[in-house]
Amino acid sequence: MIGSGLKKLAAENGMKVSKGVAYGSLRGYAAALFEGAGWKKITFSATFPDSAQRGLFIDAINKTDVKTLYRVTQVSVGHKNIVVEFFDNPGTMKKIYGFLDWFAPLLEQYSATKVGICPECGGQVTDGCWKLIDGVAYYMHSSCAEKVRIQISEEEQTRKQEAEGSYGAGLLGALLGAGLGAVVWALVLLAGYVASLVGLLIGFLAEKGYNLLQGKKGKGKLAILIIAIVAGVVLGTLGA
């Protein structure tokens, strides 16, 4: 939720308020306003033309005592956004107005992208839409917004898959699959051949077993498959 101070700031800049967040154009830049117990926050959707300009912008912030002057507790400059957090107590709104009077010209000086530039494709936006992503308000083309929505959906699906399953069950399945491959490896060796294709077969069966027993889709999967494949080769060699 946001209080009367941020609501007033939002109204003065023609920003919209929805579900406790104000978003829209703030001094010409895409922004969102939030607040909580003891803090207020402004996030800007903005990029810089190159790393040099971004570096100079960061240097300018670091050279200014923003904590004393404006009660700023943190400024985080990402590649597509800037997050500014304020310590909130009586009089903070006056500090925020002063901060914006200093900060908006600084964004202008170092060529930060304004609200009319799509953060996804970099093109001019005349009739776009607003999207709030991880606390940052982006103004972009509808087609670009759909592209971002799909990307986020795919990322969420991947995270969901990684959270499901078990490494223990996956290890068991990988070892069982590698065991089947080891039998083939042993038979090939007994026949007097050494075939690299059988090694690939062991890998295929190990991964198949891992997936069949619903092994977890995380970073540990690769390590488990390597262990299972090595075990399959060793078992096959010993079996022969």
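The structure this text deals with has already been given above.
A brief report on the enclosed structure follows. (Residues numbered from 1 in each chain as written. Predicted model: local features only at pLDDT ≥ 70, side-chain atom pairs only at ≥ 80, totals over all residues. Heavy atoms only, no water.)

What links the strands of a sheet is backbone hydrogen bonding, and the strands pair in either a parallel or an antiparallel sense. Across the sheet, six strands lie side by side as E1-E2-E3-E4-E6-E5; this open sheet has antiparallel pairing. This sheet does not close on itself; its edge strands, each paired only once, are strand E1 (16–18) and strand E5 (72–77). Ignoring strand direction, the axes of neighbouring strands in this sheet form an average angle of 15°. The sheet contact formed by strand E4 (residues 39–45) and strand E6 (residues 81–87) spans seven bridges and is antiparallel. Bridge pairing in E6 places Trp39 opposite Phe87. Helix H1 (residues 4–12) rests against E1, strand E2 (21–26), strand E3 (29–36) and E4 of the sheet, and its axis sits at about 165° to E3. Where helix H2 (residues 51–62) meets the sheet, it contacts E5 and E6, and its direction lies at approximately 170° from that of E5. (Pairing = 2+ DSSP bridges. Helix = DSSP H or I, 4+ residues; strand = E, 2+ residues; numbered from the N terminus. Axes fitted to C-alpha atoms, helices over the stretch in contact; angles between N-to-C directions. Contact = heavy atoms within 4.5 Å.)

Located in the positive-phi region is Lys19, a residue other than glycine, with phi close to 55°. Residue position: Lys19 is located in the loop between E1 and E2. Residue Asp134 is not a glycine yet carries a positive backbone phi of 50°. With respect to the helices, strands and loops of the structure, Asp134 is situated in the loop between strand E7 (129–133) and strand E8 (136–140).

With that out of the way, let us pick up the pairing of E6. Residues Ile82, Val84 and Phe86 line the buried face of E6, whereas the alternating positions Asn81, Val83, Glu85 and Phe87 sit on a face that is not buried. Once E5 ends, the chain turns through three residues before running back antiparallel as E6. (Buried < 20%, exposed > 50% of the residue type's maximum accessible area, 1.4 Å probe, protein only.)

Taking 1.5 Å of rise per residue, the 18 residues of helix H4 (residues 92–109) would be expected to cover 26 Å, and the 25 Å separating its terminal C-alpha atoms lies within 8% of that figure. Restricting attention to buried positions, one finds in H4 the residues Thr92, Met93, Ile96, Phe99, Leu100, Phe103, Ala104, Leu106 and Leu107. Immediately beyond the C-terminal end of H4, within one or two residues, lies Ser111, with a positive phi of roughly 60°. (Expected span 1.5 Å × (residues − 1).)

Time to look at the nonpolar core. One finds Leu26, Leu33, Ile42, Phe44, Phe57 and Ile82 to be the most contacted residues of the largest nonpolar core, which totals 33 residues. Leave out the neighbours within four places in its chain, and Ile82 touches Ile42, Thr43, Phe44, Ala46, Phe48, Phe57, Val75, Ser76, Val77, Phe103 and Leu107. (Core = buried A, V, L, I, M, F, W, Y, C linked by side-chain atoms within 4.5 Å.)

So, on to the pattern of salt bridges. Oppositely charged side chains can form a pair if their charged atoms are brought close together. By the definition in use, this model includes eight salt bridges. A salt bridge links Lys40 to Glu35, with the nearest nitrogen and oxygen atoms 2.8 Å apart. Classification of Lys40 by relative accessible area gives buried; the value is 7%. Across the salt bridge formed by Glu207 and Lys221, the nearest N and O atoms sit 3.3 Å from each other. Of the two residues, Glu207 is situated in helix H7 (residues 196–212) and Lys221 in helix H8 (residues 220–239); the sequence distance between them amounts to 14 residues. When salt bridges with common partners are traced through the structure, they connect Glu35, Lys40 and Asp88 into a single cluster. (Salt bridge = Lys/Arg side-chain N within 4 Å of Asp/Glu carboxyl O.)

Among the residues of H1, Gly5, Leu6, Leu9 and Ala10 are the ones counted as buried. Buried residues of H1 fall within an arc of 135° about the axis and therefore sit on the same side. Opposite its buried face, H1 presents the exposed residues Ser4, Lys8 and Ala11, each directed more than 90 degrees away. Looking at the buried residues of H1, the elements they touch are E1, E2, E3, E4 and H4. (Arc of directions from axis to C-beta.)

Here the focus is the environment of Leu175. As for its placement among the helices and strands, Leu175 is situated in helix H6 (residues 167–190). For the pair Leu175 and Val17, spaced 158 residues apart in sequence, the C-alpha to C-alpha distance is 56 Å. If we skip the residues at most four places from it in the chain, Leu175 touches Ala228 and Ala231.

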